[in-house]
Amino acid sequence: MYNAKGRYALMAIFVIAAGVCLFYDQFQLAVISVLMAGFVVWSHFKSSSILIASKYFKNGDYDKAEELLAEVPNPDRLAKNRRGYYEFMIANIALKKEDYQAAEYHFQVASRFPLGTRSDKSFVLIHLANLALRKKDKVRALAYADKAKDLANTERTKEIINKIEKEANSLPTN
């Protein structure tokens, strides 16, 4: 659970330790150091700074979360269970900045990856339905609301979905 600079420092320490171990003919310790450095490199690409960013995101520090999410070298390489959270956080940050097009794109990507619970997935679909309502797209809003209704398991979520459906049904058909 390090940021990029911390992981780079840790990789350097393991590589230096491997070099020292090789210098003193401690081959088994050198192999362990190289394996540890390899693990840090692997985690850099598979998990990156997502866990730390989620901590800041949950605490409402969206600027710091965005800064940590920007450290992700290639989101396509993230593990499936991390990619959903990455896209979800990026989409919510875009919503806060009122960049609705980027938010919609990232919510759509997040909907394709696993998230924590069914409720989390339903909130992604609720956000997509709200964005479709913003565009006055009745068909997509109702489709997203219908999918969200299947995943909703709390009364609050069901109330939100009912409001979305009511508002979408009041829109003229495209």
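A quick note: this is a predicted structure, and the numbers were derived from the prediction, not measured.

Quick notes on the rules
- Residues numbered from 1 in each chain as written.
- Predicted model: local features only at pLDDT ≥ 70, side-chain atom pairs only at ≥ 80, totals over all residues.
- Heavy atoms only, no water.
- 1 Å grid on protein atoms, 1.4 Å probe; cavity = no way out; pocket = protein on both sides within 12 Å on 5 of 7 lines; lining within 4 Å.
- Points joined across faces, edges and corners; volume = space filled by probe spheres on them.
- Helix = DSSP H or I, 4+ residues; strand = E, 2+ residues; numbered from the N terminus.
- Nonpolar A, V, L, I, M, F, W, Y, C, P; charged D, E, K, R; others polar.
- Phe/Tyr/Trp six-rings, centres within 6.5 Å; stacked < 30°, edge-to-face > 60°.
- Buried < 20%, exposed > 50% of the residue type's maximum accessible area, 1.4 Å probe, protein only.
- Lys NZ or Arg CZ within 6 Å of the ring centre and 35° of its normal.
- Axes fitted to C-alpha atoms, helices over the stretch in contact; angles between N-to-C directions.
- Parallel < 35°, antiparallel > 145°, perpendicular 65-115°, else oblique.
- Left-handed = near helix turned anticlockwise from the far one by under 90°.
- Contact = heavy atoms within 4.5 Å.

1. A word on the layout of surface pockets
Here is step 1: The space that makes up the largest pocket amounts to roughly 330 Å³.
Here is step 2: Around the largest pocket, the lining is made up of 15 residues, and of these Phe57, Lys58, Tyr85, Phe88 and Asp120 lie nearest the centre.
Here is step 3: Listed by contribution, the elements that provide at least two residues to the lining of the largest pocket are helix H3 (50-58), helix H5 (80-96) and helix H7 (118-134).
Here is step 4: The residue inventory of the lining of the largest pocket, partitioned by class, reads eight nonpolar, four polar and three charged.

2. Remarks on the packing of aromatic side chains
Here is step 1: For the structure shown, the criterion picks out five aromatic pairs.
Here is step 2: Ring geometry for Phe23 against Tyr24: centres 5.1 Å apart, planes inclined by 85°, an arrangement best described as edge-to-face. In this pair, the class of Phe23 matches that of Tyr24, namely exposed.
Here is step 3: An angle of 70° between the planes, with centres 6.4 Å apart, marks the rings of Phe57 and Phe88 as edge-to-face. Placement of Phe57 in helix H3 and of Phe88 in helix H5 is noted, with a sequence separation of 31 residues between them.
Here is step 4: Residue class for Phe57 comes out buried when judged on its relative accessible area of 14%.
Here is step 5: A connected cluster of aromatic rings, assembled from ring pairs, spans Phe57, Tyr62, Phe88 and Phe107.
Here is step 6: For Lys64, the ring lying beneath its charged end belongs to Tyr56, and the centroid distance is 5.9 Å.

3. Topic: the packing of H3 against H5
Here is step 1: Their axes nearest at 10 Å, the elements H3 and H5 cross at an angle of 40°. As far as their axial angle goes, H5 and H3 are oblique. As H3 packs across H5, the resulting crossing turns out to be left-handed. For the pair H3 and H5, the contacting residues are Ile50, Leu51, Ala53, Ser54 and Phe57 in the first and Arg82, Tyr85, Tyr86, Phe88, Met89, Asn92 and Ile93 in the second.
Here is step 2: For the contact of H3 with H5, the per-class residue count stands at nine nonpolar, two polar and one charged.

4. A word on unusual backbone geometry
Here is step 1: A positive phi is found at Asp25, a non-glycine position, where the angle reads about 60°.
Here is step 2: The residue Asp25 is located in the loop between helix H1 (4-23) and helix H2 (27-46) in this model.
Here is step 3: The backbone phi angle of Glu98 is positive, close to 60°, even though this residue is not glycine.
Here is step 4: Residue placement: Glu98 occurs in the loop between H5 and helix H6 (100-110).
Here is step 5: Overall, the relative accessible area of 58% leaves Glu98 in the exposed class.

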